Amino acid sequence: MNIQQALVWARKDLKTAGAGSGATVGATPDLDAEVLLGLVLGRSREYMFAHSDRVLMAGELRRFRSLLRRRGGGEPVAYITRVRKFFGLDFSVSRAVLIPRPDTEILVERVLDFLRLCGLGGGTLRVLDIGTGSGCVAVSIKKHFPTAEVMATDISGAALQVARKNARRLGAQVKFVHSDLLASARLGRYDVIVSNPPYLTRQEAGKRGLHFEPRLALAPNNMTPRQFFKKFLDQARDHLTPGGRIFLEIGHRQAPLMQRLARSVKANATFHKDLAGIERVAEIKLKK
Ligand SMILES: C[S@@+](CC[C@H](N)C(=O)[O-])C[C@H]1O[C@@H](n2cnc3c(N)ncnc32)[C@H](O)[C@@H]1O
């Protein structure tokens, strides 16, 4: 079987697997097949198109079949390739961390806008990322606003290992602290507290297509999202500098809840929409 034939067969295989699963498996069969065969051959898409008649060796074909089985079983491509692009950077991912989502780039953009505005006043700005996972938010902020002092936390030691590795490899100086929200005594005051927190209910997190990702990254442990957000805001408000901001990614339809919770801690929330017009990021400022 040559490259072209293998790709045709793999696309069909993934489409069939996707039709039965109802998950995301069959959504991008062409791309998935190319990425997975590229991984097996250690070659780019351009190479595969230019050498479409190159015959696969038995070992290559075996490995390709095994990767297709994993993908057909619902495993996200990023866990198979162990890498995901976010904000133009390649982040290593493992099953200890959430796969960075394009939506979260909006969170990073809003934080960078705020830092650029504050930065005009001079002085070092301090940023804290809660629940850093792969480190994608903290590292992207540090890379695009290098003068900021960036700290990041997670309750998962395994996630922190992945985040540390990413920061080192991408050359971003970020300090990592193991902490349940802001409970660590090592945390001080920050101009920005940012988070893409686990905001799904346990039911939503149990949905197909998400079961490969850490439950703790999707839904709060032993709490409802409302209780988690409340605890977060109660703690975060005491760690903000005067004029500081909290930026939180929120789920669909969570804006009214976030507004109520913000008021309950004497703060105001404004919201930033994603490309689909959905309120995705809450920007929270304490009332004077
Ligand atoms: C939705 S993921 C976000 C990961 C990453 N920031 C991103 O945007 O891709 C939420 C992260 O919060 C962490 N987390 C969950 N509960 C936490 C808690 N109580 N304190 C600190 N981190 C927590 C999880 O381990 C997970 O890494």
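Residues numbered from 1 in each chain as written. Predicted model: local features only at pLDDT ≥ 70, side-chain atom pairs only at ≥ 80, totals over all residues.

## Things to note about the site of the ligand
Residues in close proximity to the ligand total 23 residues, the closest being Gly131, Gly133, Ile155, Asn196 and Ala217. Classifying every residue of the shell around the ligand gives 13 nonpolar, 8 polar and 2 charged. (Near = placed C-beta within 6 Å. Nonpolar A, V, L, I, M, F, W, Y, C, P; charged D, E, K, R; others polar.)

## As for the pairing of strand E8 (residues 267-273)
Bridge count for E8 against strand E9 (residues 279-286) is 7 bridges, and the pairing is antiparallel. Bridge pairing in E9 links His272 to Val281. Hairpin remark: E8 followed by E9, antiparallel, with 5 residues in the connecting loop; positive phi at Gly277, about 80°. (Pairing = 2+ DSSP bridges. Helix = DSSP H or I, 4+ residues; strand = E, 2+ residues; numbered from the N terminus.)

## So, the environment of Glu279
In this fold, Glu279 is placed in strand E9. Separated by 198 residues in sequence, Glu279 and Thr81 have C-alpha atoms that sit 31 Å apart.

## Here's the deal with the domain arrangement of the chain
Looking at the assigned domains, one finds that the chain contains domain 1 (3-81) and domain 2 (97-286). Taking only C-alpha atoms into account, the centre of domain 1 sits 34 Å from that of domain 2. (Domains from an automatic or database assignment.)

## A look at the sheet that holds strand E5 (residues 174-178)
Taken together, the 7 strands give an open sheet; going across it, the order is E5-E4-E3-E6-E7-E9-E8, and neighbouring strands pair in mixed fashion. For this open sheet the edge positions go to E5 and E8, each flanked by a neighbour on one side alone. Each adjacent strand pair in this sheet contributes to an overall mean axis angle of 20°, direction not counted. (Axes fitted to C-alpha atoms, helices over the stretch in contact; angles between N-to-C directions.)

## Side note on the pairing of strand E6 (residues 190-195)
For E6, a buried count of 6 out of 6 residues is recorded, marking the element as mostly surrounded by other parts of the structure. As judged from the 4 bridges shared by strand E3 (residues 126-130) and E6, these two strands associate in the parallel manner. Bridge pairing in E6 links Ile130 to Ser195. Pairing between E6 and strand E7 (residues 240-249): 5 bridges, direction parallel. Within the sheet, the bridge partner assigned to Tyr190 lies in E7 and is Leu240. (Buried ≥ 20, exposed ≤ 12 C-beta atoms within 10 Å, placed from the backbone.)

## Quick notes on the packing of helix H6 (residues 104-119) against helix H7 (residues 136-144)
Helices that pack against each other are described as a pair by the angle of their axes relative to one another and the distance between those axes. For the pair H6 and H7, interaxial distance at closest approach is 10 Å and the crossing angle is 40°. By the angle between their directions, the pair H6 and H7 is classed as oblique. As H6 runs across H7, the sense of the crossing is right-handed. Along its contact with H6, which presents Thr104, Leu107, Val108, Val111 and Leu112, the element H7 presents Cys136, Val137, Ser140, Ile141 and His144. (Parallel < 35°, antiparallel > 145°, perpendicular 65-115°, else oblique. Left-handed = near helix turned anticlockwise from the far one by under 90°. Contact = placed C-beta atoms within 7 Å.)

## As for helix H4 (residues 58-72)
Look at H4: 21 Å from first C-alpha to last across 15 residues, which is about the 21 Å you get at 1.5 Å a residue. Looking at H4, one finds that the buried residues are Phe64, Leu67, Leu68 and Arg71. The buried residues of H4 occupy one face: seen down the axis, they fall within an arc of 100°. Pointing more than 90 degrees away from the buried face of H4 are the exposed residues Ala58, Gly59, Arg62, Ser66 and Arg69. (Expected span 1.5 Å × (residues − 1). Arc of directions from axis to C-beta.)

## Quick word on unusual backbone geometry
In this structure, Asn222 is a non-glycine residue whose phi angle is positive, near 55°. Relative to the helices and strands, Asn222 is located in the loop between helix H10 (215-218) and helix H11 (225-236). Positive phi, close to 70°, is recorded for Arg253, a residue that is not glycine. Assessed through the 9 C-beta atoms surrounding it within 10 Å, Arg253 is described here as exposed.

## Digging into the packing of helix H2 (residues 29-41) against H4
Running from N to C, H2 and H4 cross one another at 140°; their axes reach a closest spacing of 9 Å. Here H2 is positioned oblique relative to H4, judged by the angle of their axes. As for how H2 packs across H4, the hand of that crossing is right-handed. Of the residues in H4, those touching H2 at Asp32, Leu36, Leu37, Leu39, Val40 and Leu41 are Glu60, Arg63, Phe64, Leu67, Leu68 and Arg71. Per-class residue counts for the contact of H2 with H4 are 8 nonpolar, no polar and 4 charged.

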